[in-house]
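An overview of the molecular structure
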Amino acid sequence: MTDGTTELQALAAEAYIYGYPIVRNLDEVDRVSRKGMGSVAPAPFNEFSHGSKPAGPDDPSATADADNDVIYSVAQLDLSGGALLLTVPDTGGRYYVLQFVDAWTNNFAYVGRRATGTGAASFLLTPPGWDEEVPLGATRISVPTEVATVVGRWACAGPDDVAEVRALQEDTLLEPYWTATGEPRGLPTHTYIPDAEPELLFYEKLRARMAAFPPAPADLTYQQQFAPLGLLDAQSPYAQPEPELAEALRAGFAAGKEKVEYESTHGNSPEQHGWKLTYHAFDYNADHFEVGTLKDPQWIYTDRELGRMARATSAHTALWGKHGYEAANAMTWTDADGQPLEGEHSYTLRFEKPPPVDAFWSVTAYDLPDRHLVANPIDRCSIGDRTPGLSHDDDGSLTLHLQHQRPTDDKTAANWLPVPSGNFRLILRMYTPHAAIFDGTYELPPIRRS
């Protein structure tokens, strides 16, 4: 193997890490628009599809680690035909968030209780290069790429609350702005190679999507190094690639994939009493700051190389996840002694003080390895400050009981979170968290085997 081939393979591995987010993201955009996601039905571009209930064990197509505390709304945007007008209703103080994600997975805007309040409002979503007048009363949101995603989450307190959430969803609208002149183009077409190898198909998708959705200027310069791989070519070089290039792409694909998967499970997220603190997993956006984002060094990777790896691992493990300042997530697979969480054991989680939040917090259990919600006799997939009937200790603390079998006494049963019979993981979600969660003033409690 020549030095040139080795360099080409290393370049292909770097291109895989860089390009994985846009390839994975737009594959999911395509899939969700055609097949839906849990109770969120499929919908064409530029139309909201609203979930009919919180995610649950009976949703066979729900994503891993689905949030059981909210009802989802999803819209895939295509601004190639012109701007869109978004209108949101007055939610009367109810927590909700509409999260905007561009083709490269940047969270570039938020609309909702934390970011813009809960009153009725309108927002003009404009494509790159748009320079017209914004209508009176509307707030402009500049969308960095012509295709983007809106992920909505509406706090739902349970089955009796669904009808109110559904009414708010139905009043959340997208419509073409009156100056829109063209039909949306949709996702770019690729030169799909008959019986294409997955490796070559990946780089072909990356080539087409890089051209269709240019990144920020700094990354546009960074992309130039990938010219020897054919990623800057106007026409696909992958139908009949030169043997040396094909070998490099196969090897680079394998090496890049291995690196992303390794970093996804061996990352450097800080830990606290066994909890992995993923508060800064989505801080890789360093270029696009629209409504509701915080342009603060605390929430931005200053090292773009580290940011690219964080972007890839987040796309791999938690696509469309939110910034920590919107919702701080911590997760664990082990108890306080480092032993795997297993349904054959019982555990306690004691909060001397509840997590400090402006919205709400919850703990959710998922099976492993699929990370799906699990059916249980009381239909409780999460437990938190909105769970009715919780029993507090005499000192005001709250002890949660995590076990597979129903507790025998009523006080324990009131605080029971059913867990799978086998291995499981937990996610603690804290919506609109206070600074104490991030500066260490507030510490998460350990999970102890009973």
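Basis of the calculations
- Residues numbered from 1 in each chain as written.
- Predicted model: local features only at pLDDT ≥ 70, side-chain atom pairs only at ≥ 80, totals over all residues.
- Heavy atoms only, no water.
- Helix = DSSP H or I, 4+ residues; strand = E, 2+ residues; numbered from the N terminus.
- Rg over C-alpha atoms; globule rule 2.2 N^0.38 Å.
- Buried < 20%, exposed > 50% of the residue type's maximum accessible area, 1.4 Å probe, protein only.
- Contact = heavy atoms within 4.5 Å.
- Lys, Arg positive; Asp, Glu negative; His and termini not counted.
- Charge placed at Lys NZ, Arg CZ, Asp CG, Glu CD.
- Phe/Tyr/Trp six-rings, centres within 6.5 Å; stacked < 30°, edge-to-face > 60°.
- Lys NZ or Arg CZ within 6 Å of the ring centre and 35° of its normal.
- Salt bridge = Lys/Arg side-chain N within 4 Å of Asp/Glu carboxyl O.
- Core = buried A, V, L, I, M, F, W, Y, C linked by side-chain atoms within 4.5 Å.
- UniProt positions renumbered as here; feature names shortened; annotations may be inferred.
- Pairing = 2+ DSSP bridges.
- Axes fitted to C-alpha atoms, helices over the stretch in contact; angles between N-to-C directions.

**Quick notes on the overall build of the chain**
Across its full length, the chain carries nine helices and 19 strands. Relative to the globule expectation of 22 Å for 450 residues, the C-alpha radius of gyration of the chain, 23 Å, shows essentially globular dimensions. Principal-axis analysis of the C-alpha atoms gives the chain an extent of 70 × 60 × 40 Å. Within the chain, the proportion of its 450 residues that are buried is 55%. If you take every contact in the chain between residues at least 6 apart in sequence, the share linking residues at least 24 apart comes to 75%. Positive and negative charge centroids in the chain, built from 35 and 63 side chains respectively, lie 3 Å apart.

**A closer look at the packing of aromatic side chains**
Scanning the model with the defined rule gives 23 aromatic pairs in all. When the centroid spacing of 4.9 Å and the interplanar angle of 10 degrees are considered together, the rings of Tyr 96 and Trp 154 count as stacked. Highlighted residues: Tyr 96 in strand β4 (residues 96-102) and Trp 154 in strand β8 (residues 147-155), separated in sequence by 58 residues. Comparing Tyr 96 with Trp 154, the two get one shared label, buried. Through successive ring pairs, a cluster of aromatic residues spans Tyr 16, Tyr 20, Phe 202, Tyr 203 and Phe 253. For the cation-ring pair, Arg 386 lies above Phe 360, with the distance from its terminal atom to the ring centre recorded as 4.0 Å.

**Focus: the side chain of Arg 308**
Relative to the helices and strands, Arg 308 is located in helix α7 (residues 304-317). Look at Arg 308 and you get buried, because its relative accessible area is 15%. Ignoring sequence-local partners within four residues, the contact set of Arg 308 consists of Ile 17, Tyr 18, Asp 219 and Tyr 222.

**Thoughts on unusual backbone geometry**
Across the junction of Leu 368 and Pro 369, the peptide omega takes the value 10 degrees, indicating a cis bond. Tracing the backbone through its elements, the reader meets Pro 369 in the loop between β14 (361-367) and β15 (382-384). The phi dihedral of Thr 105 is positive, around 80 degrees, even though this residue is not glycine. Here Thr 105 is to be found in the loop between β4 and β5 (107-112). With phi around 65 degrees, Arg 371 is a residue other than glycine that occupies positive phi space.

**Remarks on the pattern of salt bridges**
Close approach of charged atoms allows side chains of opposite charge to pair. Under the counting rule described, the total for this entry stands at 25 salt bridges. Notably, a salt bridge pairs Arg 94 with Asp 161, separated by 2.7 Å at the nearest N-O pair. Of the two residues, Arg 94 sits in the loop between β3 (84-88) and β4 while Asp 161 sits in the loop between β8 and α3 (162-170), which places them 67 residues apart along the sequence. Because the salt bridges share partners, they merge into one network encompassing Asp 219, Asp 287, Arg 304 and Arg 308.

**Some remarks on the nonpolar core**
Tyr 203, Leu 229 and Leu 231 are the most contacted members of the largest nonpolar core, which has 54 residues in total. Those elements that place two or more of their residues in this core are α1 (3-35), β2 (70-78), β4, β8, α4 (198-212), α6 (243-265) and α7. A per-element tally of this core places α1 first, with 13 residues. Leave out the neighbours within four places in its chain, and Tyr 203 touches Ala 12, Ala 13, Ala 15, Tyr 16, Leu 231, Tyr 238, Leu 249, Gly 252 and Phe 253. In this structure, Ala 330, Trp 361, Ala 365 and Ile 437 belong to the second largest nonpolar core, which totals 28 residues.

**Details of the UniProt feature "domain: DUF1214" (unreviewed entry) in the chain**
As recorded in UniProt, the sites labelled "domain: DUF1214" (unreviewed entry) are residues 326-434. In residues 326-434, helix accounts for 5% and strand for 35%; the two terminal C-alpha atoms are 10 Å from one another.

**Focus: the sheet that holds β4**
Judged by pairing direction, the sheet is antiparallel, and its five strands sit side by side in the order β1-β2-β8-β4-β5 without closing on themselves. The open sheet has two free edges, formed respectively by β1 (48-50) and β5, since each of these has just one partner strand. Going from strand to strand, the sheet's axes swing by 15 degrees on average, the running direction of each strand aside. Sheet topology places β4 next to β8; seven bridges connect them, and they run antiparallel. Looking at the pairing, Asp 102 lines up with Ala 148 of β8. Across the sheet, α3 touches β1, β2 and β8, and the angle it forms with β2 is around 15 degrees.

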